Amino acid sequence: MAEAGQILKKGGLVAFPTETVYGLGGDALNPEASARIYAAKGRPSDNPLIVHIADIKTLYKLTKSVPEKALKLADHFWPGPLTMILPKADIVPRQTTGGLDTVAIRMPSHPTAFELIRSSGICIAAPSANTSGRPSPTSADHVAEDLSGRIDMIIDGGRVEIGLESTIVDLTGEMPMILRPGYVNKAMLEAVIGEVGVDPVILADQEIKGLRPKAPGMKYKHYAPKGDLTIVEGTPDMVAETINHLTASLEAEGYKTAVISSAEHMSAYRTGMVVNVGSREQETQIAANLYDVLRQMDEAQIDYIYSESFAGGSLGSAIMNRLLKAAGHHVMRV
Ligand code: AMP
Ligand code: MG
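Right, let's walk through the structure included here. (Residues numbered from 1 in each chain as written. Chains lettered and ligands numbered in written order. Predicted model: local features only at pLDDT ≥ 70, side-chain atom pairs only at ≥ 80, totals over all residues. Heavy atoms only, no water.)

### Examining the nonpolar core
Counting 50 residues, the largest nonpolar core has Leu-24, Leu-73, Trp-78, Leu-82 and Leu-189 as its most contacted members. Ranked by size, the runner-up nonpolar core spans 28 residues in total, among them Leu-229, Ile-286, Ile-305 and Ala-326. (Core = buried A, V, L, I, M, F, W, Y, C linked by side-chain atoms within 4.5 Å. Buried < 20%, exposed > 50% of the residue type's maximum accessible area, 1.4 Å probe, protein only.)

Written out as structure tokens, the structure is:
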């Protein structure tokens, strides 16, 4: 921990576990450290970083003003998987905010993340510790796969708990707006601060021409496996029949196929690599396994991937938002 703190103070990069996904940390107030983060990830420079803090006082240092609703949310959900967008103070360099006047801030609950921020005394800018465009890392092995040799240290904290990135809420407008769905869902936010809007782009199950997401990062093709991924929606019987038909004919043509199945439907699929993403009774399992399953598809060099749909439930919008992006919004209704 002490060594990691020293690296951060010198402008170096340390990957560390958080409760959502692994983060690639650098000093958020040092523009050179931010530039290194973008370079290591191959991240477009207009895609801002989230600043991680361990003390509510730091929230005031990094922002111009803190509205009442932001304080209420911090009180309820911090430390935890919620990021808030607020007007930035001058000390936050534009390299960290992708040129914006606002800054994204989160206080993570993972003990390693929390302790690293606290003991180093540094505000840590930390996007997901993956190569830009690849599925986010949910284990230290995933980080090493993408960034080994490009960063100074990886702290291995085992597999993360949640497995999907934090919920992002914009508090700079009249109405608080969800820019990215996550473990903290709309109903949980509304129970604390009243009505909350949702950026229409993230709800769409198709890409809408001319409509840009408010979180710059949400516009990029993201989370995607190399193979061609299609989500198949319908009754379980029809979904299985359709997928079995497609995988059988593709395998006959010499392609490698895979199925992303719930635990409940594993035995319904007959061809290709059938992967269990978790039980429908426990959505948290599906969220925690999703990125690892997408990476397995690359490892096995799968050409065509078919996935069940996981809409509904309290994590449904977060899971489907990531899965739809991974599938390039390719959905088949049967
Ligand atoms: P990552 O850290 O990889 O999970 O990505 C951070 C996400 O937060 C990206 O989608 C960014 O576009 C978004 N974000 C960070 N700062 C801001 C901001 N000031 N305004 C809107 N979105 C932001
Ligand atoms: Mg990311």
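### Some remarks on the pattern of salt bridges
Taken as a whole and judged by the stated rule, the model has 14 salt bridges. Salt-bridge contacts for Lys-64 lead to Asp-90; the nearest nitrogen and oxygen are separated by 3.7 Å. Of this pair, Lys-64 sits in the loop between α3 (56-62) and α4 (68-77) while Asp-90 sits in the loop between β4 (82-87) and β5 (102-106); the two residues are 26 residues apart in sequence, bridging distant segments of the chain. The pair Lys-64 / Asp-90 is uniform in exposure class, with both members exposed. Here the residues in one salt-bridge network are Arg-134, Glu-145, Asp-146, Lys-226, Arg-295 and Asp-298, joined through shared partners. (Salt bridge = Lys/Arg side-chain N within 4 Å of Asp/Glu carboxyl O. Helix = DSSP H or I, 4+ residues; strand = E, 2+ residues; numbered from the N terminus.)

### Some details on the sheet that holds strand β15 (residues 331-333)
The five strands are arranged β13-β12-β14-β11-β15 in an open sheet whose pairing can be described as parallel. The outermost strands of the open sheet, each flanked by one partner alone, are β13 (273-278) and β15. Between one strand axis and the next, the sheet turns by 25 degrees as a mean value, whatever way the strands run. In the sheet, strand β11 (residues 228-233) pairs with β15 via three bridges, with the strands oriented parallel. From the neighbouring strand, Ile-231 faces β15, where its bridge partner is Val-331. Sitting on the sheet, helix α9 (residues 236-252) is in contact with β11, β12 (257-262), β14 (304-308) and β15, with an inclination near 170 degrees to β14. (Pairing = 2+ DSSP bridges. Axes fitted to C-alpha atoms, helices over the stretch in contact; angles between N-to-C directions. Contact = heavy atoms within 4.5 Å.)

### Description of the packing of helix α10 (residues 283-299) against helix α11 (residues 316-326)
Across the interface, α10 lies against α11 with an axial gap of 10 Å and an inter-helix angle of 15 degrees. Accordingly, the angle class assigned to the pair α10 and α11 is roughly parallel. Considering how the two elements wind past one another, α10 and α11 form a crossing that is left-handed. The segment α10 lies against α11, with Glu-283, Ile-286, Ala-287, Leu-290, Tyr-291 and Leu-294 engaging Gly-316, Ile-319, Arg-322, Leu-323 and Ala-326. A class-by-class count of the residues in the contact of α10 with α11 yields eight nonpolar, one polar and two charged. (Parallel < 35°, antiparallel > 145°, perpendicular 65-115°, else oblique. Left-handed = near helix turned anticlockwise from the far one by under 90°. Nonpolar A, V, L, I, M, F, W, Y, C, P; charged D, E, K, R; others polar.)

### Describing the site of ligand 1
Lining the immediate environment of ligand 1, one finds 21 residues, of which Thr-102, Pro-127, Ser-128, Arg-180 and Gly-217 sit closest. Residue Ser-128 places a side-chain N or O atom 3.1 Å away from an oxygen atom belonging to ligand 1. Protein burial of ligand 1: of its 500 Å² of free accessible surface, 96% is covered by the chains. Those elements that place two or more of their residues in the shell around ligand 1 are β5 and β9 (177-180). At three residues, β5 tops the list of elements feeding residues into the shell around ligand 1. (Near = heavy atom within 4 Å. Polar contact = N/O pair within 3.5 Å; in protein donor to acceptor, adjacent residues only side chain to side chain. Areas by Shrake-Rupley, 256 points an atom, 1.4 Å probe, with all protein chains shown as cover.)

### Considerations on the pairing of β5
Burial within β5 is extensive, with four of its five residues counted as buried. Bridge count for strand β3 (residues 50-52) against β5 is three bridges, and the pairing is parallel. When the sheet's bridge partners are listed, Val-51 is paired in β5 with Ile-105. Bridge count between β4 and β5: five bridges; the pairing is antiparallel. When the bridges of β5 are listed, Pro-87 appears paired with Thr-102.

### Structural notes on the side chain of Asp-199
Its place among the elements puts Asp-199 in the loop between β10 (197-198) and α8 (200-203). Here Asp-199 sits buried without a salt bridge, and the closest side chain of opposite charge, Lys-214, lies 4.8 Å off (N-O distance). Only 2.7 Å separates the side chain of Asp-199 from the backbone nitrogen of Lys-214, close enough to count as a polar contact. Excluding residues that lie within four positions of it along the chain, Asp-199 makes contacts with Met-177, Ile-178, Leu-179, Pro-213, Lys-214 and Ala-215. (Lys, Arg positive; Asp, Glu negative; His and termini not counted.)

### A closer look at the environment of Phe-16
Here Phe-16 shows up in strand β1 (residues 14-16). Each C-alpha atom, one on Phe-16 and one on Leu-323, is 24 Å from the other, the two residues being 307 residues apart in sequence. In this structure Phe-16 touches Tyr-22, Gly-23, Gly-25, Ala-113, Leu-116, Ile-124, Ala-126 and Ile-155, once residues within four positions along its chain are discounted.

Worth remembering: the numbers are spatial, not functional.
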